[in-house]
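# Analysis of the macromolecular model
What follows is the residue order along each chain.
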Amino acid sequence: RAGGVDLVVDDDRPLALDVADDVHQLGPVQVALQLRQVVELAGMIGLKYLFLEQRAPAGAEERSPPRTDTPADTHLHARILLTLAYQRWQIGEVDTASELLDLAVSVDAGILPRVQANRAEFLRGSRPADAVRYFDDAIEGLRKDRTADGQEALAVTLLNRGVLHMNAGRLQEAQADTAGAA
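Presented here is a report on the structure given in the accompanying data block. Numbering of residues starts from 1 in every chain and runs along the sequence as written. The model is predicted, so local features are restricted to residues of pLDDT at least 70 and side-chain atom pairs to those at 80 or more, both for listing and for counting; the totals for chains, interfaces and linings are taken over all residues. Side-chain numbers come from the whole structure's heavy atoms, not from hydrogens or water.

Turning to the overall build of the protein chain, a few remarks are in order. A tally of regular secondary structure across the protein chain gives 10 helices and zero strands. Each helix and strand of the protein chain, placed in order from N terminus to C terminus, yields the pattern α-α-α-α-α-α-α-α-α-α. By the convention used here, residues are in contact when the closest approach between their heavy atoms is within 4.5 Å. Of the contacts made within the protein chain by residues no fewer than 6 positions apart, 41% connect residues no fewer than 24 positions apart. Helical segments are the DSSP runs of H or I of at least four residues, strand segments are the runs of E of at least two, and each set is numbered from the N terminus.

Structural data, given as structure tokens:
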């Protein structure tokens, strides 16, 4: 929002036309400032080129200051990628969602059990046998995470796998997962 006017991107039109309309309405300086703020914000969490859906220009890493992410920053970055993956999956962009899950693991290998849980959720309706395998792997990894957040994720994953078992008529397995989540 600049001067009370929203920058608008319409998925039915080429991005260049939307930018041209915004430039005409706001003026090039205001649009440049808005885009700069968006890119700076995205860059703070390492997603600058992901949001722009383009490759970094040659030598960009040489010009960028070295990143000094803390483990908490890295984990947050990976968690944001998980959220983006879920949102993309929800709107039917399955390939993009899968790429974002892969990227999350490359950012923080410790997030693998959560990625496996997400993959299981993505496959639960279409490929339940594969979903069970992902749930199994996720649960195995989450059992090793003794943090409160990890235990909460374990409980949610057990409940989700239990629903899958229940829908398949495997009531004993469903009951065991539900009890394990308690």
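One speaks of a salt bridge when a side-chain nitrogen belonging to Lys or Arg is within 4 Å of a carboxyl oxygen belonging to Asp or Glu. As enumerated under the stated definition, the model contains 10 salt bridges in all. Here Arg79 ties to Asp149 by a salt bridge, and the two come within 2.9 Å at their closest N and O atoms. Linking Arg79 in helix α5 (residues 71-90) with Asp149 in helix α9 (residues 148-167), this pair joins segments that are 70 residues apart in sequence. Close ionic contact of Asp136 with Arg161 constitutes a salt bridge, the shortest N to O distance being 2.6 Å. Taken together, the positions of Asp136 in helix α8 (residues 128-142) and Arg161 in helix α9 put the pair 25 residues apart, joining distant regions of the chain. Each of the salt bridges in this network shares a partner with another, and the network as a whole consists of Arg79, Arg114, Asp145 and Asp149.

Here we take up the packing of aromatic side chains. The description of two aromatic rings rests on the distance between their centres and on the angle between their planes. To pair, rings of Phe, Tyr and Trp, with the six-membered ring standing in for Trp, must have centres within 6.5 Å; the planes then decide the type, stacked if under 30 degrees apart, edge-to-face if over 60, and tilted in the middle. For the structure on display, the rule yields two aromatic pairs. Ring centres of Tyr86 and Trp89 lie 5.7 Å apart, and the angle between their planes is 45 degrees; this geometry places the pair in the tilted category. Separated by three residues within a single helix, Tyr86 and Trp89 lie in helix α5, roughly one turn from each other. Remark: exposure states derive from per-residue accessible area (1.4 Å probe, protein chains only) relative to the maximum for the residue type, with buried under 20%, exposed over 50%, and partly exposed in between. Residue classification places Trp89 among the partly exposed positions, given a relative accessible area of 23%.

Within the secondary structure, Thr157 sits in helix α9. Aside from chain neighbours lying at most four places away, what touches Thr157 is Ala117, Phe135, Ala138, Ile139 and Leu142.

Within the fold, Ala138 resides in helix α8. The buried category is assigned to Ala138, whose relative accessible area is 0%. When the C-alpha atoms of Ala138 and Ile111 are compared, they prove to be 9.8 Å apart, with 27 residues separating the residues in sequence. Once residues lying within four places of it in the same chain are set aside, the contact partners of Ala138 are Pro113, Gln116, Ala117 and Thr157.

Attention shifts here to the nonpolar core. Throughout, nonpolar core names a set of buried Ala, Val, Leu, Ile, Met, Phe, Trp, Tyr and Cys residues whose side chains join them through atoms within 4.5 Å. The biggest cluster of nonpolar side chains holds 11 residues, and these are Ala78, Leu81, Leu82, Ala85, Ala97, Leu100, Leu101, Ala104, Ile111, Val115 and Phe122. Broken down by secondary-structure element, the contributors of at least two residues to this core are α5, α6 (94-107) and α7 (112-123). With seven residues, the next largest nonpolar core counts Ile139, Ala153, Ala155 and Ala181 among its residues.

To continue, consider the environment of Leu101. Examined against the element boundaries, Leu101 turns out to sit in helix α6. Through-space distance from the C-alpha of Leu101 to that of Tyr86 is 9.0 Å; in sequence the pair is 15 residues apart. For Leu101, the residues in contact, after removing those within four places along its chain, are Leu82, Ala85, Val115, Asn118, Arg119 and Phe122.

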